Amino acid sequence: MFKIIMFVRKKQHLSTEEFIKLWEAHSQKVINYKEALLIKDYAKTFPFQPTDEKSSTQRETLPFTFDAMGELWYESKDDFLRARNTPEGQKALADLRADELKFVDMANSVMWLGTEERIFDKLSFEVKNWTVLDEYFYLSDYAGNSVADFDKLIALFSEDITMLSADGSQMKGKTAVISFFKQFFERNKTTKHLWETIKVAENTLETHWAVSGKRKDGTFFAFKGKDTAKLNSEGKINYLKVEFL
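None of these values were measured; they are calculated from a predicted model.

About the cut-offs
- Residues numbered from 1 in each chain as written.
- Predicted model: local features only at pLDDT ≥ 70, side-chain atom pairs only at ≥ 80, totals over all residues.
- Heavy atoms only, no water.
- Helix = DSSP H or I, 4+ residues; strand = E, 2+ residues; numbered from the N terminus.
- Buried < 20%, exposed > 50% of the residue type's maximum accessible area, 1.4 Å probe, protein only.
- Contact = heavy atoms within 4.5 Å.
- Pairing = 2+ DSSP bridges.

Here we come to the environment of D99. By the secondary structure assignment, D99 is in helix α3 (residues 87-100). Note on D99: relative accessible area 7%, which makes it buried. As for D99 and W23, which are separated by 76 residues in sequence, their C-alpha atoms are 9.2 Å apart. Contacts of D99, omitting those with residues within four sequence positions, involve H26 and K29.

Following this line, the structure appears as C-alpha cells:
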C-alpha cells in the first residue's frame, strides 16, 4: 500500500495536552474526508517515555525528538494522486492543511511518501506451508496494485498453462493468462478472498473459495467457487479449472 508518514513537532507554545486535544479534533476531520481522499487507514503514534535507561529502546541511535508520528494509507499511488485532483479532494486538503497549522510546527516536522512492504504478510508460501494455489489466491488480492505481486502471480504458471475460466472460455499459454489477469485488474479495484486448499491427488490441488470485491465503476460483487489445479514437475500450475458454485 502507498502511504504518508510524518514525524510531527507541535507548535512550541502548546502543551502536550493541548497538542493531543487539537490533533483529536483534526483526526475527526480526516475521518470525515476519508472517502474524498480515498484514505484506507490512519494512525497516530506517540513516543514511549522510558522511566529508566534499561527500558529505553534507542540503542545507539539518535534520540527521538519529535512529539508524535502520523501515518495515512492508500490502496495505491494512483488513488493518492487521483483524489488530489478532484474538486472534493482539493477542498478537503485545503481544510486539513489549514487545520494542521493550528498545532503542527511544519518547518520542523518531517514528511515522506512511500510504498509499504509488509514482510510477514509476504513470506514465501514454502515458509508459510502453503501450496501454490494458496499463494495464487493470496497474490490475487494484491497483484492489481503491485507490479511485483503481479509478476509473482504470473510466475506461478508454467509456459504451457491451460486455463478454463468459469464462463467456459479456454486460454492456452502464459501470454493469454497475462492478458486475462491484466483485463481483470483493469476492471476491478479491490478483492478479498477466503479459501481452503486440499491435495486430492499427486500434483493435483483443489481449492474452495469465496470472494467479494469492488469494481472500478463503483459496483460490488461476490462469488463462491472451486478451482482445480494440476502441477508440473517444477511445481508450476500447468492446468487450472475455475468453477462457480
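Residues in a regular strand project their side chains so that they alternate between the two faces of the sheet. Here strand β8 (residues 204-215) pairs with strand β9 (residues 220-231) via eleven bridges, running antiparallel. Bridge pairing links T204 to K230 in β9. Between the antiparallel neighbours β8 and β9 lie four residues, among them G218 with a positive phi of about 95°. In this sheet, strand β10 (residues 237-244) lies alongside β9 in antiparallel orientation, the contact comprising seven bridges. Each residue of the ladder has a partner; that of K226, found in β10, is E243. Between the antiparallel neighbours β9 and β10 lie five residues, among them G235 with a positive phi of about 85°.

That is the geometry; function is a separate question.
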